[in-house]
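These are the residues of each chain, in order.
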Amino acid sequence: MAQERPDGVPHTGIMNGEIWFASRYRYEFVEQADKPADARASTLRIAPGFETGYFHGFRAAAEGEFVVQVGPGDYNDTINGKTQYPVVADVPSSELDQAYLESFHLPGTVIKGGRYAENLDNMRYVGSVAWRQNDQTFDGAKVTTEAFPGVTALYAYIGNVNRIFSDDSEVGNLNSNIHLMHLKSDPLPLGTLTGYAYLMDIYDAPALSNASYGGFVEGERALGSAVTFDYRVELALQTDYGDQPVQYDAPYARVAPGLSWEGFRVSPVYELLGSDDGKAAFQTPLATGHIFNGFADIFLVTPATGLQDFFVEASYKMPEKGGSLGWLSGLLLLTQYHEFRSDFRDIAYGSEFDAYANLPLGYVFYAEVKYANYRADEYATNTEKVIFGFGYVY
């Protein structure tokens, strides 16, 4: 991905830039109890890009994205009309994924304008949805500055959201008036403090419009010589905003402590996306939703009765080393178990078991496998997914 400008280098020449190329093959199988046929999606993503060097304080970049079907196409990609199959939202497409210009003329400040990817914090509110083959990107501008002592500030304006469903979809682009404001402190004794206000008026989908105000503290502490305790505590309030047709107030909370030891990590997590008496619930329409509330993607849209997610995540990352297991260097293994309930009326939604493995293959290749099994109680339907992937990043 894009390089960072070294301090004190205002001009290195346009051609002294960076070229990247990413490719990912994926096979996704989905069995969903309320569909008569199982989905089988075989797709290939190709994403070449180029970023220039620094030219009198400016830098530019462009990235293309191409998604093609290379095998079984027995799946509902959201626009092909194959509704007898479960959804796998990987639409064959050809798009300009990113095209932006950056200015470094103000001390400690970067100004970016054009089409760009954005991943704020843990991507709960704003993300590029990089798990899907077609990224979500944004048309607008942003300013990031460290000109104020002890604080990094960000303001971004988004006028259009280029969603994962491609330009051929009726909901592939969302004309919007979005303002993102974000302040992050330098490390403090308590941890790093972050505050935010995200104002989203989405003209093409007014039911998604909202304003969220909140903040979190995060950090880590050593417990002896080998064990590390990390933590994140977040609170927020969301209200109706812009053309949102429903007046509501809904809370958000996330408490995520963790313990790490020699590559192992375990974390019990509680996340609340609250409901306003069943009228409406806390929504994050621009999030990278796949990494929250289970890999089966049952809760990409929060039910009106809200969502409580109680889960435990355990992971292990193999260290870099040689010997007989050297070919497993960098292997990541991760599991999660979720219990889902509503916020309003305390409805038992269901439970889910997830697993993921990622294995680097040399410096530029990787292989991955993901499994999700959602068992419905009083929400949605039983869903099982198995996903294989093989990728190249240069």
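This one's a predicted model, so the numbers in the text were calculated from it and none came from an experiment. (Residues numbered from 1 in each chain as written. Predicted model: local features only at pLDDT ≥ 70, side-chain atom pairs only at ≥ 80, totals over all residues. Heavy atoms only, no water.)

*Asks:* Sorry, what's going on with a nonpolar patch on the surface here?
*Replies:* Taken together, the side chains of Y25, V68, V70, L361, F365 and F390 define a hydrophobic patch exposed on the protein surface, amounting to about 470 Å² of accessible area. Checked against the element boundaries, V68 lands in strand 3 (residues 58–74). (Patch = residues over 30% accessible without salt bridge, like charges linked within 9 Å, V, L, I, M, F, W, Y side chains within 5 Å. Areas by Shrake-Rupley, 256 points an atom, 1.4 Å probe, with all protein chains shown as cover. Salt bridge = Lys/Arg side-chain N within 4 Å of Asp/Glu carboxyl O. Helix = DSSP H or I, 4+ residues; strand = E, 2+ residues; numbered from the N terminus.)

*Asks:* When you look at the packing of aromatic side chains in this model, what are you seeing that I'm missing?
*Replies:* Any pair of aromatic rings gets described here by the distance separating the centres and the angle formed by the planes. Inspection of every chain in the model, using the stated rule, returns 21 aromatic pairs. Arranged with centres 5.8 Å apart and planes meeting at 25°, the rings of F229 and Y231 form a pair that is stacked. Overall, F229 belongs to the partly exposed group, its relative accessible area being 28%. Its relative accessible area of 14% is what places Y231 among the buried residues. Ring plane angle 45° and centroid distance 6.1 Å describe the contact between F340 and Y374, whose orientation is recorded as tilted. Residue F340 is found in strand 16 (residues 332–341), and its partner Y374 is found in strand 18 (residues 365–376); the two are separated by 34 residues along the sequence. Judged by its relative accessible area of 1%, F340 is buried. The class for Y374 is buried, based on a relative accessible area of 0%. Site record: aromatic cluster; members linked through ring pairs are Y125, Y196, Y198, Y252 and F282. (Phe/Tyr/Trp six-rings, centres within 6.5 Å; stacked < 30°, edge-to-face > 60°. Buried < 20%, exposed > 50% of the residue type's maximum accessible area, 1.4 Å probe, protein only.)

*Asks:* Explanation requested: the nonpolar core in the structure shown.
*Replies:* Proteins that are soluble and globular tend to have nonpolar side chains buried together. Counting 41 residues, the largest nonpolar core has Y125, I178, L180 and M200 as its most contacted members. Breaking this core down by element, the ones donating at least two residues are strand 7 (151–162), strand 8 (173–185), strand 9 (192–202), strand 12 (249–255), strand 16, strand 17 (348–361) and strand 18. Residues V30, A41, Y85 and V88 belong to the second largest nonpolar core, which totals six residues. (Core = buried A, V, L, I, M, F, W, Y, C linked by side-chain atoms within 4.5 Å.)

*Asks:* What is the right way to look at the pairing of strand 11 (residues 227–239) in this model?
*Replies:* The side chains of a regular strand alternate, first on one face of the sheet and then on the other. Where strand 10 (residues 210–223) meets strand 11, 13 bridges bridge the pair, whose relative direction is antiparallel. By the bridge assignment for strand 11, A211 is matched with T239. Between the antiparallel neighbours strand 10 and strand 11 lie three residues, among them G224 with a positive phi of about 85°. Where strand 11 lies against strand 12, seven bridges are found, and the strand directions are antiparallel. Within the sheet, the bridge partner assigned to L235 lies in strand 12 and is A253. (Pairing = 2+ DSSP bridges.)

*Asks:* Would you mind going over the pattern of salt bridges with me for this structure?
*Replies:* Opposite charge on two side chains permits pairing when their charged atoms draw close. Going through the model one piece at a time under the given rule, you end up with 19 salt bridges. Linking E28 and R132 is a salt bridge whose minimum nitrogen-to-oxygen distance equals 2.7 Å. Taken together, the positions of E28 in strand 1 (residues 18–32) and R132 in the loop between strand 5 (109–116) and strand 6 (137–145) put the pair 104 residues apart, joining distant regions of the chain. Using a relative accessible area of 5% as the deciding quantity, one classes R132 as buried. The shortest N-O distance in the salt bridge between R341 and D346 comes to 2.8 Å. Judged by relative accessible area, which is 29%, R341 ranks as partly exposed. Classification of D346 as partly exposed rests on a relative accessible area of 45%. Linked through salt bridges whose partners overlap, the residues forming this network are E51, R59, E102 and K112.

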